[in-house]
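Report on the structure
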Amino acid sequence: MTIRHFLDIWPLEQAELRAILDEAHRAKKARAGWSKGRIDLGAPLDGHTLAMIFEKASTRTRFSFDMAMRQLGGSSITTSSGDMQLGRGETIEDTARVLSRYVDAVMIRANDHTDIETFAEAASIPVINGLSDRSHPCQIMADLMTLEEHGLTLKGARLAWVGDGNNVCASFIHAAAKFGFSLAIGTPQRYAPDEDDLDIATELQGRIELFETAEEAVAGADVVIADTFVSMGDLDAERRLEILEPFAVTDELMELANGGAKFLHCLPAHRGEEVDAEVIDGPDSLVWDEAENRLHAQKAILRWCLGK
Ligand code: CP
Ligand code: NVA
């Protein structure tokens, strides 16, 4: 039987991705008003345990996956890779084989995307990408859920990404064709998206436009998306802050987007760097629903991975 890994959005069928989002919406509504620790009806992942391995820091991913397993009636084990024998040179493959004997699924946050792929190849259980240097697929599922929840029809919508063409941007690029939205990306040339991700979009017939100013990217956009200028693992912080400064999302920039355009940011945010407080704390910002929906989207991803 094929193991259902969730490593990236682009390899998945459109219908599977749609079903995951539909389930996320359904399950969120079904528990509206409940206390957060209450188990969903039927405890869909009763008897299942998720292991989470973190090579870098996390707030949302760590807590939302843990609560996701609790709400689904399962359990989770969280560890940092440095606390494992991985940190002393045990191979990724051996670790994957061993964990496959203990738990039902593994979520990994890694510096190097290929390490997650290597783990998945050796594992006999589903593996989920909880962010790598190359992508952040769970985040984008939550983001798309949030936009739908606020009434946006993804098919035909125009989303604008401004700032660094990073891992989160890459997952939006992968998702564009799958959900039928167009993506306008404004980045300085130096921090433009990876050619490999643009090639994937071309292959999938995704509508991606590249610009070298934030103003051009947000013109006519229904949604404006930002992320930190300095991601975990970036070593050129000073240069990034200087080169990316003109790509900050300000009230003036939001004025250039469509009336009522929404603002997304995966968080953590740096007010006064990539986004002004007036925008992220303003009425068109969806960031708190976006953060909450990590939980609901991931519950649906976990159920899809485990076929439950
Ligand atoms: N957005 C996100 O992945 O947040 P954390 O780094 O806190 O998990
Ligand atoms: N691009 C950011 C996202 C954090 C959730 C990073 O990789 O640090």
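So, how was this worked out
- Residues numbered from 1 in each chain as written.
- Chains lettered and ligands numbered in written order.
- Predicted model: local features only at pLDDT ≥ 70, side-chain atom pairs only at ≥ 80, totals over all residues.
- Heavy atoms only, no water.
- Buried < 20%, exposed > 50% of the residue type's maximum accessible area, 1.4 Å probe, protein only.
- Helix = DSSP H or I, 4+ residues; strand = E, 2+ residues; numbered from the N terminus.
- Pairing = 2+ DSSP bridges.
- Right-handed = clockwise from strand over helix to strand, strands pointing away.
- Core = buried A, V, L, I, M, F, W, Y, C linked by side-chain atoms within 4.5 Å.
- Contact = heavy atoms within 4.5 Å.
- Disulfide = S-S within 2.5 Å.
- Axes fitted to C-alpha atoms, helices over the stretch in contact; angles between N-to-C directions.
- Phe/Tyr/Trp six-rings, centres within 6.5 Å; stacked < 30°, edge-to-face > 60°.
- Lys NZ or Arg CZ within 6 Å of the ring centre and 35° of its normal.
- Salt bridge = Lys/Arg side-chain N within 4 Å of Asp/Glu carboxyl O.

1. As for the pairing of strand 5 (residues 158-162)
Across the 5 residues of strand 5, 5 count as buried, placing the element largely inside the fold. Here strand 5 shows two buried faces, one formed by Arg158, Ala160 and Val162 and the other by Leu159 and Trp161. Of the pairings in the sheet, the one linking strand 5 to strand 6 (residues 182-186) comprises 5 bridges and is parallel in character. If you follow alanine 160 over to strand 6, its bridge partner there is alanine 184. The parallel pair strand 5 and strand 6 is bridged by helix 6 (residues 167-179), and the resulting crossover is right-handed. With 3 bridges connecting them, strand 5 and strand 8 (residues 223-226) associate as parallel partners. Considered in strand 8, the bridge of leucine 159 is made with valine 223.

2. So, the nonpolar core
Counting 54 residues, the largest nonpolar core has Phe6, Met141, Leu144, Phe172 and Phe181 as the members making the most contacts within it. The element best represented in this core is helix 12 (residues 287-306), accounting for 8 residues. Aside from chain neighbours lying at most four places away, what touches phenylalanine 6 is Leu12, Ile20, Val127, Ile128, Asn129, Pro137, Cys138, Met141, Ile301, Trp304 and Cys305. Within the second largest apolar cluster, 25 residues are counted, among which are Ala160, Tyr191, Leu244 and Ala261.

3. Some points on the state of the cysteines
Summed over the entire model, instances satisfying the criterion amount to 0 disulfides. Take cysteine 266: it sits in no disulfide, and the sulfur closest to it among the cysteines is that of cysteine 169, at 11 Å.

4. Side note on the sheet that holds strand 4 (residues 127-129)
In a beta sheet, neighbouring strands pair by backbone hydrogen bonds and run either parallel or antiparallel. Ordered by their spatial adjacency, 4 strands build an open sheet running 2-1-3-4, and the pairing between neighbours is parallel. With partners counted over all chains shown, the strands left at the sheet margins are strand 2 (75-80) and strand 4, one partner each. Averaged over all pairs of adjacent strands, the angle between their axes in this sheet comes to 20°, without regard to strand direction. As defined by bridge partners, strand 1 (residues 49-54) adjoins strand 3 (residues 105-109) across 5 bridges and the pair is classed as parallel. Bridge pairing links alanine 51 to valine 106 in strand 3.

5. So, unusual backbone geometry
Most peptide bonds are trans, and most residues other than glycine sit at a negative phi. Residue proline 268 follows leucine 267 across a cis peptide bond; omega there is 10°. Despite not being glycine, alanine 43 has its phi angle at roughly 35°, a positive value. Here alanine 43 lies in the loop between helix 1 (14-30) and strand 1. A positive phi angle is found at glutamine 205, which is not glycine, with a value near 65°. Locating glutamine 205 in the fold gives a position in the loop between helix 7 (195-204) and strand 7 (207-211). A relative accessible area of 71% means that glutamine 205 is categorised as exposed.

6. Concerning the packing of aromatic side chains
One pass over the full model with this rule turns up 2 aromatic pairs. Geometrically, the ring pair formed by tryptophan 161 and phenylalanine 172 is tilted, given 6.0 Å between the ring centres and 50° between the ring planes. Taken as a pair, tryptophan 161 in strand 5 and phenylalanine 172 in helix 6 lie far apart in primary sequence, 11 residues in all. Positioned above the aromatic ring of tryptophan 34, the side-chain terminus of arginine 38 is 3.8 Å from the ring centre. Above the plane of the ring of phenylalanine 54 lies arginine 62, whose end atom (NZ or CZ) is 4.5 Å from the centre.

7. A few points about the pattern of salt bridges
Here the structure, examined in full by the defined rule, presents 18 salt bridges. Aspartate 234 serves as the salt-bridge partner of arginine 240, at 3.4 Å between the closest nitrogen and oxygen. By relative accessible area, which is 7% here, arginine 240 ends up buried. You can call aspartate 234 partly exposed: its relative accessible area is 25%. Its salt-bridge partner being arginine 240, residue aspartate 236 comes within 2.8 Å of it at the nearest N-O pair. Linked by salt bridges that have partners in common, Asp164, Asp234, Asp236, Arg239 and Arg240 make up one network.

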